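Structural overview for review
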Amino acid sequence: MSTLDTFFKLKEHGTNVRTEVIAGLTTFLTMAYIIFVNPTILADAGMPKDAVFVATCLAAALGTLIMGLYANYPIGMAPGMGLNAYFAYAVVLGMGVPWQTALGAVFISGCLFIVVSLFKIREQIVNGIPHSLRTAITVGIGLFLALIAMKSAGIVVANPATMVGVGDLHKPAAVMAIAGFMLIVALDRLRVPGAILIGIVTVTILSFFVGGNTFHGFVSLPPSIDATLFAFDPKAALSVGILNVVLVFFLVELFDATGTLMGVASRGGLLVDGKMIRLNKALMADSCAIVAGSMLGTSSTTAYIESAAGVQAGGRTGLTAVVVALLFLACLFVAPIAGVVPAYATAPALLFVACLMLRDLTEVDWSESTESVPAAVTALAIPFTYSIAHGIAFGFITYAGLKLLTGRARQVKPVVWVIAAIFLFKYIYLKG
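About the thresholds
- Residues numbered from 1 in each chain as written.
- Predicted model: local features only at pLDDT ≥ 70, side-chain atom pairs only at ≥ 80, totals over all residues.
- Heavy atoms only, no water.
- Helix = DSSP H or I, 4+ residues; strand = E, 2+ residues; numbered from the N terminus.
- Rg over C-alpha atoms; globule rule 2.2 N^0.38 Å.
- Buried < 20%, exposed > 50% of the residue type's maximum accessible area, 1.4 Å probe, protein only.
- Contact = heavy atoms within 4.5 Å.
- Areas by Shrake-Rupley, 256 points an atom, 1.4 Å probe, with all protein chains shown as cover.
- Lys, Arg positive; Asp, Glu negative; His and termini not counted.
- Charge placed at Lys NZ, Arg CZ, Asp CG, Glu CD.
- Pairing = 2+ DSSP bridges.
- Phe/Tyr/Trp six-rings, centres within 6.5 Å; stacked < 30°, edge-to-face > 60°.
- Axes fitted to C-alpha atoms, helices over the stretch in contact; angles between N-to-C directions.
- Parallel < 35°, antiparallel > 145°, perpendicular 65-115°, else oblique.
- Left-handed = near helix turned anticlockwise from the far one by under 90°.
- Nonpolar A, V, L, I, M, F, W, Y, C, P; charged D, E, K, R; others polar.
- Expected span 1.5 Å × (residues − 1).
- Disulfide = S-S within 2.5 Å.
- Patch = residues over 30% accessible without salt bridge, like charges linked within 9 Å, V, L, I, M, F, W, Y side chains within 5 Å.
- Salt bridge = Lys/Arg side-chain N within 4 Å of Asp/Glu carboxyl O.
- pLDDT = per-residue confidence, 0-100.

Overview of the overall build of the protein
Check the secondary structure of the protein and you find 20 helices and four strands. Computed over its C-alpha atoms, the radius of gyration of the protein comes to 21 Å, within 12% of the 22 Å expected for a compact globule of 432 residues. Expressed as lengths along the three principal axes of its C-alpha atoms, the size of the protein is roughly 60 × 55 × 45 Å. By residue count, 54% of the 432 residues in the protein fall in the buried class. A sequence separation of at least 24 residues applies to 82% of the contacts in the protein between residues at least 6 apart. For the protein, the exposed surface amounts to about 18,200 Å²; the carbon and sulfur share of it is 68%. Taking the average place of the 24 positive charges on the side chains of the protein and the average place of its 20 negative ones, the gap between the two points comes to 4 Å.

This is how it looks when you write it as structure tokens:
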């Protein structure tokens, strides 16, 4: 007990072992849905679902453990929502990039993130990107997730006349997805821990009765990870045509991690003079998790905003994160359960996460068109082009162009000009 107290500085943070354990369980319940959702999304990209399940659990456990033991923050980590969708639907399926090469791009972006963290130039990059574009990227990814969710549930289908249309809402998949979504929102509003997980489990149980699903047991030894372990191909990812993919992974990881870390720390009263005193350690934990995850066989790992639930329950130190990590390791033995979760059971979770991401729209200054228009272009282009990369590119180019045309070029930081120029060069001279 005294060893834990000394290592994690429990008394100094006004907490104890019991509170930290409860907080860890709470955080885990709110983010455990990723062990079902991530394998489903990456399987669409042709990756072996069982191997991705193991990679997801291991990456989440490893990243969270580093966050707890090295940075001493109560923050859980796992493959990021939005980043996995970009990996599967935009890069692999959209661009025709082999998933091994895409994992190589994740590996390179993680290495870049480590360099940025080591030399402490993260602040310069983040501070150089306008707040409106950072917000728009989050909103655009939310819209992208919503489209994917409704497609998985059969609510939205392809239509040759109108491009998209409404599906058959009488089908069991659509009905159960809608019911699951309503259940998740209601439980979350009532502050029930694990609302998303409860929704996924409920729809999965219903699928056995009305969806033709079959049961394969509760517990088993972990599946083999051989199919994805060290399958990443960084050499192929260094080709010119995929450099923009690396850039997008890097930018989204940077904003997502920084925003999440600051947000959770703020809710837990862990900021000192408005800053995280161990931010660089937290970012290093995030960076290492990205690199390790790519080697194991999953898309980018990042800090989870759901960690705020554990902070709300009293979690203040890395002991909370260690509990989360141990629970993710325990999940390795429930592969049969993960294997029977249908896409329409995880669709409500995707849609709910998407709805939460849209609330950032309120942070855009709509009275200034040179800020709001690029933000709107970014947010709209991501789902309409079915590509996070194109959305970000259109946003940066529009932002720099409008500032230049309206005599506000001095308001643009150098990093924006560089990123806009890279994307513009890509569209003019490169294909893909």
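Quick word on the pairing of strand S3 (residues 163–166)
The pairing of strand S2 (residues 156–159) with S3 spans four bridges and is antiparallel. Bridge pairing in S3 places Ala158 opposite Val164.

What about the packing of aromatic side chains?
Scanning the entire structure with this criterion turns up eight aromatic pairs. Measuring from ring centre to ring centre gives 6.5 Å for Tyr33 and Tyr304, while their planes differ by 50°; the resulting arrangement is tilted. Linking Tyr33 in the loop between helix H2 (17–31) and helix H3 (34–43) with Tyr304 in the loop between strand S4 (301–303) and helix H14 (307–312), this pair joins segments that are 271 residues apart in sequence. Tyr304 matches Tyr33 in its accessibility class, with the two residues each being buried.

Considering the packing of helix H8 (residues 131–152) against helix H17 (residues 343–358)
What describes two packed helices is the angle between their axes and the distance between those same axes. Between H8 and H17, the shortest axis-to-axis distance is 8 Å and the interhelical angle comes to 155°. As far as their axial angle goes, H17 and H8 are roughly antiparallel. Crossing of H8 over H17 shows left-handed handedness. Here Thr138, Val139, Ile141, Gly142, Leu143, Leu145, Ala146, Ile148, Ala149, Met150 and Ser152 of H8 come into contact with H17, specifically with Ala343, Tyr344, Ala347, Leu350, Leu351, Val353, Ala354, Met357 and Leu358. Taken together, the residues of the contact of H8 with H17 break down into 17 nonpolar, three polar and no charged.

A word on H8
Across its 22 residues, H8 extends 32 Å between first and last C-alpha, which sits within 8% of the 32 Å expected from 1.5 Å per residue. Trailing H8 by a residue or two, Gly154 shows a phi angle of about 80°, which is positive.

Here's the deal with the state of the cysteines
One pass over the structure, following the stated rule, counts zero disulfides. Of the cysteine sulfurs around Cys111, a residue in no disulfide, the closest is that of Cys288, at 9.7 Å. Classification of Cys111 as partly exposed rests on a relative accessible area of 29%.

Let's talk about the packing of helix H9 (residues 172–189) against H17
Packing of H9 against H17 brings their axes to within 8 Å, and their N-to-C directions diverge by 45°. Comparing the axis directions of H9 and H17 gives the class oblique. The two elements H9 and H17 meet at a crossing, and its hand is right-handed. From H9, Ala173, Met176, Ala177, Gly180, Phe181, Ile184, Val185 and Asp188 reach across to H17, where they touch Tyr344, Pro348, Ala349, Leu351, Phe352 and Cys355. The residue inventory of the contact of H9 with H17, partitioned by class, reads twelve nonpolar, one polar and one charged.

Looking at a nonpolar patch on the surface
Residues Phe394, Leu424, Phe425, Tyr427, Ile428 and Tyr429 make up a contiguous nonpolar surface patch of roughly 620 Å² in combined accessible area. Of all the elements, helix H20 (residues 414–429) adds the most residues to the nonpolar patch, at five residues. Considering the arrangement of structural elements, one finds Ile428 in helix H20.

Here's the deal with helix H18 (residues 369–384)
Three- or four-residue spacings in an α-helix give side chains the same orientation, since the helix completes a turn every 3.6 residues. For H18, built from 16 residues, the straight-helix expectation of 22 Å at 1.5 Å per residue is met to within 8% by its first-to-last C-alpha distance of 21 Å. Backbone geometry just after H18 places Tyr386 at a positive phi near 55°.

Some remarks on the side chain of Ser299
On the secondary structure map, Ser299 appears in the loop between helix H13 (279–296) and S4. Residue class for Ser299 comes out buried when judged on its relative accessible area of 1%. Those residues in contact with Ser299 that sit more than four places away from it in its chain are Asn38, Leu42, Pro79, Leu83, Asn84, Phe87, Leu103 and Val106.

Focus: unusual backbone geometry
Residues other than glycine seldom take positive phi values, yet Asn72 does so here, at roughly 55°. By the secondary structure assignment, Asn72 is in the loop between helix H4 (49–71) and strand S1 (77–79). A positive phi angle, near 55°, is found at Phe230, a position not held by glycine. Tracing the sequence through the fold places Phe230 in the loop between helix H10 (195–210) and helix H11 (234–237). A relative accessible area of 56% places Phe230 in the exposed class.

Re the confidence of the model for the protein
Averaged over all residues, the pLDDT of the protein is 85; the fraction at 70 or higher stands at 94%. Put simply, helix H7 (residues 122–128) is where the protein has its lowest mean pLDDT, 69, and H9 is where it has its highest, 94.

What to know about the environment of Leu197
Checked against the element boundaries, Leu197 lands in helix H10. Spatially, the C-alpha atoms of Leu197 and Leu29 are 6.7 Å apart, while their sequence positions differ by 168 residues. Ignoring any residue separated from it by four or fewer positions in sequence, one finds Leu197 in contact with Leu29, Ala32, Tyr33 and Phe36.

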